[in-house]
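Here is what each chain is made of, one letter per residue.
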Amino acid sequence: MAKRTASFICQICGAVHARWQGRCDSCGAWNSIAEETTASDTLPANLRGGRRGRLIALESLAGTSEDAPRVQVGISELDRVAGGGIVPGSVLLIGGDPGIGKSTLLIQASAALATAGHRIIYVSGEEAVAQVRLRAERLGLAGAPVELAAETNVEDIVATLSEGRRPVLVVIDSIQTMWTDTVESAPGTVTQVRSSAQILIRYAKRAGAAVILVGHVTKDGQIAGPRVVEHMVDAVLSFEGDGAHDFRILRAQKNRFGPTDEIGVFEMTNLGLAEVANPSELFLSNRDSGAPGTAVYAGMEGTRPVLVEIQALVVPTSLGTPRRAVVGWDPSRLSMVLAVLEARCGIKLGAHDVHLNVAGGFRISEPAADLAVAAALISSLSGSVLPPDSVYFGEVSLTGAVRAVPHAMARLKEAAKLGFTRAVAPEAKSPAKGSAKSAAAAREPMESPLAIEAIASLGDIVVAIAAKGPRRGAREAQEG
């Protein structure tokens, strides 16, 4: 016999509480705890029957392992982020803001695989089949042999998938709408999402079919639902972008079969998402090279070099506490750069508002952008225009020294392709003899495609920019 028990579960992190309370003790979210009813066995644990465990074979670390087979989707940007293609039997979770293009991307990927002769099943829990057909017609993909279904019961979906030829890819849009008979809570709750995901993951591993789960996101940009689902799947992909820009960025946050720092760049068009082969050219297309406070940063996203424009605006404040506004970068990193400029270079910014923006809506996470940000801040404060043919990259330490960053040659080559002729970068220090880095440096050609201005400390770039002085228009405005 089984009895019904009530549990109070946080809908954000999945923590179980003995009673309802306004704030979750585990994740700190407010009003996220909901009551869920589950079935439990009335017998005590020591009286319940169970099978004895069987012996499993143990193996050593030594030996060779074959690379996981992959299925090329046909969309190179998606294949890049997935690690070279989708692995059969893997489960991917993709999240993004509503209307960002998740369903559009998955319809295009499903149509590409189905046209290549694979069996593809697209299950929609939010839209009817007619709505999915309308989207496919708008994208010009109505002729692709993709099998559609509008269903939310997981048992019915798995039974349908088990019939006929094994599908290569199954798309579930979305996991928050799925429900299973084994749980009596409402769809979208932690228990339903976790149980439904577990059933679909078990099917993927047993049948060898790749499954893509679409997940809702919270207002903070995090995938909604329990964090345990992110640990259950093989890869977590995030689809970033906003309505003010046409491009979208697909970023891997977790990937058991590939790197986690690759990005795929798409542009939203009337015919769906188009791949962007050269993101740097897109991000620098509307650059104003004649204005102070702008610097071009040569960054790396995985194995792909990306050039973006850093914009800074430093103005006197009228408030008691100066404003620090950052878009596309880490605010704490900006505070550190401002502190180093004041402590090591004598630049006082305590009476100025600082606004920093990464042009195009791109987000930067690596510390190699410190030097470009510092150059943009100094340029805006002094009114000096930075050379339009220069790129900047380097990590700033708390001592004011500028440290070298990896993949310098790839950054320089990408800048040379776009017509830049000069790079402001830290001094390259030769590694110790006998080290792995020394052997790799010996194999890598050292001829730089750009003229490099070596920077040892942040004070060097302050002197170089201040020596140019403000441009004529800025000087006249200050005098006036």
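Residues numbered from 1 in each chain as written. Predicted model: local features only at pLDDT ≥ 70, side-chain atom pairs only at ≥ 80, totals over all residues. Heavy atoms only, no water.

**Some details on the sheet that holds strand β6 (residues 147–150)**
Rules: Only strands joined by at least two bridges in the DSSP assignment are considered to pair. Each helix is a run of DSSP H or I of at least 4 residues and each strand a run of E of at least 2, with the numbering of both proceeding from the N terminus. Angles shown run from 0 to 180 degrees and are taken between the N-to-C directions of axes, each axis being a line fitted to C-alpha atoms and, for helices, limited to the stretch in contact.
A sheet is described by the order of its strands in space; here 9 strands give the open sequence β6-β5-β7-β8-β4-β9-β10-β11-β12, paired in mixed fashion. Because the sheet does not close on itself, it has two edges, and the strands there are β6 and β12 (272–275). The average undirected angle you get between the axes of adjacent strands in this sheet is 25°. As defined by bridge partners, strand β7 (residues 169–173) adjoins strand β8 (residues 210–215) across 5 bridges and the pair is classed as parallel. Bridge assignment links Asp-173 to a residue of β8, and that residue is Val-214.

**Side note on empty space enclosed by the protein**
Note the threshold: The distinction between a cavity and a pocket rests on a 1 Å grid over the protein atoms alone: a 1.4 Å probe fits inside a cavity but cannot get out, while a pocket stays open yet meets protein on both sides within 12 Å along at least five of seven lines, and a residue with an atom within 4 Å of a point counts as lining. Grid points are joined across faces, edges and corners, and a volume is the space filled by probe spheres set on the points. Classes in brief: Ala, Val, Leu, Ile, Met, Phe, Trp, Tyr, Cys and Pro nonpolar; Asp, Glu, Lys and Arg charged; the others, Gly included, polar.
Scanning all chains against the criterion turns up 7 cavities of 30 Å³ or more. Taken as a whole, the largest cavity spans an internal volume of roughly 70 Å³. Around the largest cavity, the lining comprises 13 residues; the ones closest to its centre are Ala-82, Leu-92, Ala-235, Asn-255 and Phe-257. Within the residue set of the lining of the largest cavity, elements represented by two or more residues are α1 (76–82) and β9 (235–240). The class makeup of the residues in the lining of the largest cavity is 8 nonpolar, 3 polar and 2 charged.

**A word on the sheet that holds strand β17 (residues 390–392)**
To summarise the sheet geometry, strands pair through backbone hydrogen bonds and adopt either a parallel or an antiparallel arrangement. The mixed open sheet is built from 7 strands, whose spatial order is β15-β16-β14-β13-β17-β20-β21. Of all strands in the sheet, those bounded by a partner on one side alone are β15 (324–327) and β21 (451–455). Taken over all neighbouring pairs, the strand axes of this sheet differ in orientation by 30° on average, direction set aside. Relative to β17, strand β13 (residues 294–301) runs parallel, the two being bridged by 2 bridges. Following the sheet pairing, Val-296 is matched in β17 by Val-391.

**So, the nonpolar core**
To keep it simple, the criterion reads: In this text, buried Ala, Val, Leu, Ile, Met, Phe, Trp, Tyr and Cys residues form a nonpolar core when linked through side-chain atoms within 4.5 Å. Categorising residues by exposure relies on relative accessible area from a 1.4 Å probe, with only protein chains included: less than 20% of the type maximum marks a residue as buried, more than 50% marks it as exposed, and the intermediate range marks it as partly exposed. Throughout, a residue-residue contact means that at least one pair of heavy atoms, one from each residue, lies within 4.5 Å.
Ranked by internal contacts, the top residues of the largest apolar core, which has 60 residues, are Leu-377 and Ile-461. Considering each element in turn, this core owes the most residues, 8 residues, to helix α9 (residues 370–382). Sequence-distant contacts of Ile-461, that is, excluding residues within four places in its chain, are made with Leu-371, Ala-375, Ile-378, Tyr-392, Val-424 and Ile-455.

**Points about the pattern of salt bridges**
Pairs may arise between side chains of opposite charge once their charged atoms sit close together. How we decide: Any carboxyl oxygen of Asp or Glu within 4 Å of a side-chain nitrogen of Lys or Arg constitutes a salt bridge here.
All told, the structure shown has 13 salt bridges when counted by the stated rule. A salt bridge links Glu-77 to Arg-304, with the shortest nitrogen-to-oxygen separation between them at 2.9 Å. On the criterion of sequence distance, the pair formed by Glu-77 in helix α1 and Arg-304 in strand β14 (residues 304–316) is long-range, its members being 227 residues apart. Residue Arg-251 is joined to Glu-301 by a salt bridge in which the shortest nitrogen-to-oxygen separation is 3.1 Å.

**Looking at the pairing of β13**
Across the 8 residues that make up β13, a large majority, 8, are buried. Of the two faces of β13, the one carrying Thr-294, Val-296, Ala-298 and Met-300 and the one carrying Ala-295, Tyr-297, Gly-299 and Glu-301 are both buried. Across 8 bridges, β13 lies against β14 in antiparallel orientation. For Thr-294, the partnering residue across the bridge sits in β14 and is Gln-311.

**Concerning the pairing of strand β4 (residues 91–96)**
In terms of residue burial, β4 counts as a mostly covered element, since 6 of its 6 residues are buried. The two faces of β4 match: Val-91, Leu-93 and Gly-95 on one face and Leu-92, Ile-94 and Gly-96 on the other face are all buried. Summarising the sheet, β4 and β8 pair through 5 bridges and their orientation is parallel. Within β8, the position partnered with Val-91 by the bridge is Val-211. When β4 meets β9, the two strands line up parallel, connected through 5 bridges. Within the sheet, the bridge partner assigned to Gly-96 lies in β9 and is Phe-239.

**Overview of helix α12 (residues 458–468)**
Residues separated by three or four positions in an α-helix point in the same direction, a consequence of the helix having 3.6 residues per turn. Where we set the bar: Directions drawn from the helix axis to the C-beta atoms are what define this arc.
Listing the buried residues of α12 in full gives Leu-458, Ile-461, Val-462 and Ile-465. Summarising the axial view, the buried residues of α12 lie within an arc of 105°, below the 170-degree limit, and thus occupy one face. What points out from α12, more than 90 degrees from its buried face, is the exposed set Val-463 and Ala-467.

**Digging into the packing of α9 against α12**
We count it as follows: In this scheme the handedness of a crossing depends on how the near helix is turned from the far one: anticlockwise by less than a right angle means left-handed, clockwise means right-handed.
Taken N-terminus to C-terminus, the directions of α9 and α12 make an angle of 35°; their axes are 10 Å apart at the nearest point. As for the relative orientation of α9 and α12, their crossing is right-handed in sense. Here α9 contributes Leu-371, Ala-374, Ala-375, Ile-378, Ser-379 and Ser-382 to the contact with α12, which in turn contributes Leu-458, Ile-461, Val-462 and Ile-465. Split into classes, the residues belonging to the contact of α9 with α12 amount to 8 nonpolar, 2 polar and no charged.

**Remarks on the environment of Ala-423**
Following the sequence through the fold, Ala-423 ends up in strand β20 (residues 422–426). Accessibility expressed as a relative area gives 0% for Ala-423, which makes it buried. When the C-alpha positions of Ala-423 and Ser-390 are compared, they lie 5.2 Å apart, and in sequence the two are 33 residues distant. Setting aside chain neighbours within four positions, we find Ala-423 in contact with Val-391, Leu-412, Leu-450, Ala-451, Ile-452 and Glu-453.

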